[in-house]
Amino acid sequence: MDFSVKKLACDAGVFFSRAVQYTEEKLGQAEKTELDAHFESLLARADCTKNWTEKIYRQTEVLLQPNPSARIEEFLYEKLDRKVPYRATNGEILGQYMLEAAKEFGPGTPYGSTLIQVGDCQRRLGGAEREFLQTSSISFLTPLRNFLEGDWRTITKERRLLENRRLDLDACKARLKKAKAAEAKAAAVPDFQETRPRNYVLSASASALWSEEVEKAEQELRVAQTEFDRQAEVTRLLLEGISSTHVNHLRCLHEFVEAQATYYSQCHHFMQELQKELSRRYPNSFVVNPRSVRSSSGDPSSTVPINSLSPETEALQIEEVQPPASGTRKAKVLYDYDAADTSELSLLADELITVYTVPGMDSDWLIGERGNQKGKVPVTYLELLS
């Protein structure tokens, strides 16, 4: 019990000393040991990494799971170390509803059979979404969370310990400075004409006591300096490890992009198959919007404009269109294009064709000629040459 009391008293003394030093620093009454510029830059870089990693992590959670209640539920299950119960995605639920509706309406009816096709597609989209969520959580969210809950907590703990060591060091410096000032004052030679010999003896004794106090303060300062330097080196190594953290997060970011690209590619593939199937079964009632179909070259910035012509041009047969006397231009084809019907001209990337316009034609389309072939071509697939 006696040892515990002494330890408690010692810890209380250290805490009080640090509190006094911290307060005096804030009031400008005490000097503060400053870290070098490189160390300060490491601290700033670490803080910046923590802040942005936390923001990216939180927003990625919102992206992957927009429902805040579901996020809280998953968090609680994770903290309780229990498996998160199965939760169907919105696409899977929608697909299931469509399939059940098709049974009620009759699978043999046009509406029922179409519901079956669309519902199956929605279920596959939901499955792709589930796979994307799982992959992103493992390859991207988990490393970010491990950094925030593991590495960063260790860095924070060591930085707090370093701050305590600095306060101890500065408190030792302040005590040494006061002890030296008191020693110098006690060692001053007394005036024997005005001072009794007994006072001289007391002055000499006080000087010796202050000399011992100075030696003790110097010893404490050396110990505090050693502990501060050791802790500063430990903290520096952890802060320099932030570079490795960036490399690891960069790899995770690439994996997240790959998972996202795979997911959207699967969704695009599923929807294209559905469009083709519905177009084949109901050619007169289901028309694919050309604006939503991207180029076959994979360029995401180029789309096929809506194939819309004025009533006069619609009634005009392509074979009857004659090139104007002037105004024809050469154009280079940028991407492959498959004609949607006989009024359009299929294109191959990098070939040269002759293009011109006719009165009343939509500005997104031109008439293109290649030898004896003629048809409408989208402007976004061409580079007009002078």
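Whatever comes next refers back to the structure up there.
Heads up: these notes are all about the structure in this document.

Cut-offs used in this document
Residues numbered from 1 in each chain as written. Predicted model: local features only at pLDDT ≥ 70, side-chain atom pairs only at ≥ 80, totals over all residues. Heavy atoms only, no water. Pairing = 2+ DSSP bridges. Helix = DSSP H or I, 4+ residues; strand = E, 2+ residues; numbered from the N terminus. Axes fitted to C-alpha atoms, helices over the stretch in contact; angles between N-to-C directions. 1 Å grid on protein atoms, 1.4 Å probe; cavity = no way out; pocket = protein on both sides within 12 Å on 5 of 7 lines; lining within 4 Å. Points joined across faces, edges and corners; volume = space filled by probe spheres on them. Phe/Tyr/Trp six-rings, centres within 6.5 Å; stacked < 30°, edge-to-face > 60°. Buried < 20%, exposed > 50% of the residue type's maximum accessible area, 1.4 Å probe, protein only. Lys NZ or Arg CZ within 6 Å of the ring centre and 35° of its normal.

Quick word on the sheet that holds strand β2 (residues 352–356)
Within a sheet, adjacent strands bond to each other through the backbone by hydrogen bonds, running parallel or antiparallel. Pairing in this open sheet of 5 strands is antiparallel, and the strands run β4-β3-β2-β1-β5 from one edge to the other. Each having just a single partner strand, β4 (373–378) and β5 (382–384) make up the two edges of the open sheet. Within the sheet, the average angular offset between the axes of one strand and its neighbour, ignoring direction, is 40°. Taken together, the 3 bridges between strand β1 (residues 329–333) and β5 define a ladder with antiparallel strand orientation. Residue pairing in the sheet places Lys-332 in a bridge with Glu-383 of β5.

So, the layout of surface pockets
Put simply, the largest pocket is a space of about 1,400 Å³. Along its surface, the largest pocket is lined by 42 residues, and Gln-65, Glu-74, Leu-133, Ser-137 and Leu-141 are the ones closest to its centre. Contributing elements (two or more residues each) for the lining of the largest pocket: α2 (37–64), α3 (68–79), α5 (110–186) and α7 (242–281). A total of 14 residues in the lining of the largest pocket trace back to one element, the largest contributor, which is α5.

Thoughts on the packing of aromatic side chains
On inspection of all chains with the given rule, the structure shows 8 aromatic pairs. Between Tyr-263 and Tyr-264, the aromatic rings sit 5.1 Å apart at their centres with planes inclined by 50°, giving tilted as the arrangement. Under the relative-accessibility criterion, Tyr-263 is labelled buried at 14%. Note on Tyr-264: relative accessible area 48%, which makes it partly exposed. Here a set of aromatic residues connected by ring pairs shows up, and it is made of Phe-132, Phe-140, Phe-256, Tyr-263 and Tyr-264. Above the face of the Trp-52 ring, Lys-55 is positioned so that its terminal group lies 4.5 Å from the ring centre.

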